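# Chains, contacts and geometry: an overview
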Amino acid sequence: MERRPYNFSAGPAALPEEVLRQAAAEMLDWHGSGMGVMEMSHRGREFGAIIAQAEADLRELLAVPAHFKVLFMQGGGIGENAIVPLNLSRGGVVDFVVTGSWSAKSYKEAQRYCEARLAASNESDKHTSLPSPAQWRLSPEASYVHICSNETIHGVEFHELPDLAALGSRAPLVIDCSSHILSRPIDWSRVGLAFAGAQKNIGPAGLTIVIVREDLLGHALPVCPSAFDYRIVADNGSMYNTPPTYAIYIAGLVFQWLKRQGGVAEMERRAVAKAALLYGHIDGSGYYVNNVAPGCRSRMNVPFFLPDDRLNEAFLAGAKERGLLQLKGHKSVGGMRASLYNAMPVEGVQALVDYMREFAAAHG
Ligand SMILES: *Cc1c(COP(=O)(O)O)cnc(C)c1O
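What counts as what
- Residues numbered from 1 in each chain as written.
- Predicted model: local features only at pLDDT ≥ 70, side-chain atom pairs only at ≥ 80, totals over all residues.
- Heavy atoms only, no water.
- Near = heavy atom within 4 Å.
- Polar contact = N/O pair within 3.5 Å; in protein donor to acceptor, adjacent residues only side chain to side chain.
- Areas by Shrake-Rupley, 256 points an atom, 1.4 Å probe, with all protein chains shown as cover.
- Helix = DSSP H or I, 4+ residues; strand = E, 2+ residues; numbered from the N terminus.
- Phe/Tyr/Trp six-rings, centres within 6.5 Å; stacked < 30°, edge-to-face > 60°.
- Buried < 20%, exposed > 50% of the residue type's maximum accessible area, 1.4 Å probe, protein only.
- UniProt positions renumbered as here; feature names shortened; annotations may be inferred.
- Contact = heavy atoms within 4.5 Å.

## Remarks on the site of the ligand
- In the vicinity of the ligand, the contacting residues are Gly-76, Gly-77, Ile-78, Trp-102, Cys-148, Asn-150, Thr-152, Asp-176, Ser-178, Ser-179, Gln-199 and Lys-200.
- Within the contact set of the ligand, an oxygen atom lies 3.1 Å away from a backbone nitrogen or oxygen of Gly-77.
- One of the side-chain nitrogen or oxygen atoms of Lys-200 is found 2.5 Å away from an oxygen atom of the ligand.
- Calculation on the ligand without its partners gives an accessible area of 390 Å², and the protein chains cover 86% of this total.
- Take the shell around the ligand: its biggest share by element is three residues, from helix 3 (residues 76-88).

In structure tokens:
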């Protein structure tokens, strides 16, 4: 069979082909139950087994400690921009570190629910660097500190999470890790809550994963919708309302695929190799440019520019002809963006680099 095109979408993004084939094979009849997963009661034995396995595998992959709850929710990353302050802010002060579009959105949304303060920003660098944690203006009374650990649009990644305790803060760290979850380990000793929309590096849109330290539950503001109250969601095993069952099933297949590949350590090894290949080519090309400071370049989302924007359409058309899809940059940044999530094999990145070389030679 002919290979599928390489899909560089930032999200919803490519899934492992093995997972799609398995889902197709099980579409009409899951494990002899006579039902497809979409047709099952979320409270039945079959789906109970699916969600329990998914949670166990996710916990194993990310080494989630027992005192953290794993919640399968809806609302996406943008939903969490409200749900986190509704649950954790207690209506008080929250510190935000703005490093790109996503943390900027989080900061703005939180202002509806709490006193959101800007602790640091890289706006003066056009979101191409990371402000050093030692320089952050942290509030002693903050309920939490929010960062986006990988900025999907600007391609800026925290390669190490800040150690707030070492900075003299007792506030828990909240990370929006939507676009790099499962590409590297998470140091849970530094994190109070991690959230991720599934459609970047996990599975289908519609599922949002929240991993939260147990002692942070139970402080939701009275206006918080019950379905978004972490305590209620946790106490009901993510079944207070109907969870996105099919998305959870696909995420579970992805977790199993990740385990077969060698887990998060292997994903990190591949991510390092894929990013090195693409950034190495960009920097050495004398043609393409990436403006992000080398120490904080994202391994997952690589924005890059051609020397002349008038070549963009030709670049994208040639890429498509070669089976290299969805490379157009986000409209707020322009240029190109290649997303190199777990499902992107190194062969896909090599094919992109080969094409980039050919294009530069023809148009240089
Ligand atoms: C995509 C993305 C979001 C938004 O997710 P929605 O599901 O559209 O709400 C939030 N944060 C980050 C880092 C993202 O990449």
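## Here's the deal with the packing of aromatic side chains
- For the structure shown, the criterion picks out 12 aromatic pairs.
- Ring geometry for Tyr-246 against Tyr-249: centres 5.2 Å apart, planes inclined by 50°, an arrangement best described as tilted. In this pair, Tyr-246 and Tyr-249 are both assigned in helix 6 (residues 245-261), three residues apart and thus about one turn of the helix distant. Like Tyr-249, Tyr-246 is buried.
- Between Phe-304 and Phe-315, the ring centres sit 6.0 Å apart and the planes meet at 80°, which makes this aromatic pair edge-to-face. Of the two residues, Phe-304 sits in strand 11 (residues 301-304) while Phe-315 sits in helix 8 (residues 312-321), which places them 11 residues apart along the sequence. We note that Phe-304, like Phe-315, is buried.

## Section: the UniProt feature "modified residue: N6-(pyridoxal phosphate)lysine" (unreviewed entry) in the chain
- Per the UniProt entry, the sites bearing "modified residue: N6-(pyridoxal phosphate)lysine" (unreviewed entry) are Lys-200 in this numbering.
- Relative to the elements of secondary structure, Lys-200 occurs in the loop between strand 9 (193-197) and strand 10 (208-213).
- Look at Lys-200 and you get buried, because its relative accessible area is 13%.
- Among residues more than four places away in sequence, those in contact with Lys-200 are Ala-10, Gly-11, Ala-13, Thr-152, Ser-178, Ser-179 and Tyr-341.

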